[in-house]
Amino acid sequence: MEPWNSTLGSGFILMGILNDSGSPELLCATITVLYTLALTSNGLLLLAITMDARLHVPMYLLLRQLSLMDLLFTSVVTPKAIVDFLLSENTISFGGCALQVFLVLTLGGAEDLLLAFMAYDRYVAICHPLNYMVLMRPRVCWLMVVTPWVLASLNALGHTLYIMHFSFCMSRKISHQLCEIPPLLKLACADTSRYELMVYVMGVTFLIPSFVAILVSYSVILLTVLHMPSNEGRQKALVTCSSHLTVVGMFYGAATFMYVLPSFLHSPKQDNIISVFYTMVTPALNPLIYSLRNKEVMGALRRVLQKYMLRTHS
C-alpha cells in the first residue's frame, strides 16, 4: 500500500467496540452510565478528601491523586466515543490521535507508579506504625505525588513522538476504541519489529517492578496483620488492603495484556474489550471500592454534604 500523508489528511477512523457490537445502543447507554458514575464518584471522592481536614494524611493524599488520574483517564476516551456514536462520526485528527496516545500513556504510567507508592504507604502504616510520620513526612508524600506524573509524561512524550513519525498505509481504520501504540503499529508501512521490542521493554520496565513491589509489600503486610493481637485492627487492615489489591488486580491485568503480551496474541475484539475495561469500567469502580468500604471517607463525605446543605439553606 502507498503511504498516506496523515499530517495533511483527515486523520484516522476509530473502529471501536460500539462499531462491532450487536446492540450498540444498549452498549452506548451502558458506557454513558459508567462515565456518569466515574465522574460522580471520583468527583465526590476528590471533594471529600480536599475539603475534610481529617483526611489530609498521606494515604488519602495518594488516593486523591488516583481519583484525579481515573477522572482524567476516562475523560480522554469516553466522551469522544459516546459523541462519535451519536453523530455517526468516528474520525480523529492526526493531532488528536497523538494527543490521545500521549495522555493515555501518561495517565496509565502515572497510575502504575502511584499504586506502588500506595502499597508502600500501607506497608509503612501497618508494619512500622511508630515511624509512619517520619517515613511518610510531607516532603516524601509530595515526592510520591510528583514522581509518577513526571516519569510517566517523559516516557509518554518519547513514545508519542516516535510512533507518530511513522508513515501509515492507505488504511486509516484503527481497529480500536482509542489511539494507542499497539493498534497504530499495525497501520505503519515500515518495519516496526524493533520498536515493538521497545514497547515491550517499556511495558516490562513500568509494570513488572511496580507489581513486584506491590506483591512484596502486601505479603509482608499480610504476615504482620495475621499476628495482630487486636481483632478490630486486623479487620480494618485487611479491609483496606483488600480494596487496594482489587484495584491493583484490575489495573495490572489490563495493562499487562495490552503492553506486555506479544502482538500475535492480540485480536481487535479482545483489545477493544480490554480498553473498555481500563478506560471506562475501572475508573468507575475504583472510588466505589475505596469509599463504600471506608468509614472515614463516607463520614467525610457526609460532613462535606451537610455543610453544603446548611449553607444553601442559611
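Residues numbered from 1 in each chain as written. Predicted model: local features only at pLDDT ≥ 70, side-chain atom pairs only at ≥ 80, totals over all residues. Heavy atoms only, no water.

## Observations concerning the nonpolar core
- Membership of the largest hydrophobic core comes to 49 residues, with the highest contact counts inside it found for Phe 12, Ile 163, Ile 181 and Leu 184.
- The dominant element in this core, judged by the number of residues it contributes, is helix H4 (residues 94–127), at eight residues.
- The next biggest cluster of nonpolar side chains, apart from the first, holds 46 residues, and it includes Ile 49, Leu 62, Val 225 and Met 228. (Core = buried A, V, L, I, M, F, W, Y, C linked by side-chain atoms within 4.5 Å. Buried < 20%, exposed > 50% of the residue type's maximum accessible area, 1.4 Å probe, protein only. Helix = DSSP H or I, 4+ residues; strand = E, 2+ residues; numbered from the N terminus.)

## A few points about the sheet that holds strand S2 (residues 12–14)
- Taken together, three strands build an open sheet; the order of strands is S3-S2-S5 and the sheet is mixed. The open sheet terminates on both sides in strands that have one partner only, identified here as strand S3 (91–92) and strand S5 (173–174).
- With two bridges joining them, S2 and S5 adopt parallel strand pairing. Within S5, the position partnered with Leu 14 by the bridge is Ile 174. (Pairing = 2+ DSSP bridges.)

## Observations regarding unusual backbone geometry
- Although it is not a glycine, Ser 88 sits at a positive phi angle of roughly 55°.
- Along the chain, the position of Ser 88 falls in the loop between helix H3 (58–87) and S3.

## Some remarks on the UniProt feature "transmembrane region" (unreviewed entry) in the protein
- Taking the UniProt record as the reference, the feature "transmembrane region" (unreviewed entry) is found at residues 29–49, 61–78, 98–120, 140–163, 197–225, 237–261 and 273–292.
- The span residues 61–78 is 100% helix and 0% strand, and its two end C-alpha atoms sit 26 Å from each other.
- The straight-line gap between the two end C-alpha atoms of residues 140–163 is 35 Å; of that span, 100% is helix and 0% is strand. (UniProt positions renumbered as here; feature names shortened; annotations may be inferred.)

## Observations regarding the packing of aromatic side chains
- Inspection of the entire model under this criterion finds nine aromatic pairs.
- Between the aromatic rings of Phe 12 and Phe 94, the centroid separation amounts to 6.4 Å while the plane-to-plane angle is 25°, which identifies the pairing as stacked. Of this pair, Phe 12 sits in strand S2 while Phe 94 sits in helix H4, and the two are 82 residues apart along the sequence. The residues Phe 12 and Phe 94 share a single accessibility class, namely buried.
- An aromatic cluster is present here, built from Phe 12, Phe 94 and Phe 168 joined pairwise through their rings. (Phe/Tyr/Trp six-rings, centres within 6.5 Å; stacked < 30°, edge-to-face > 60°.)

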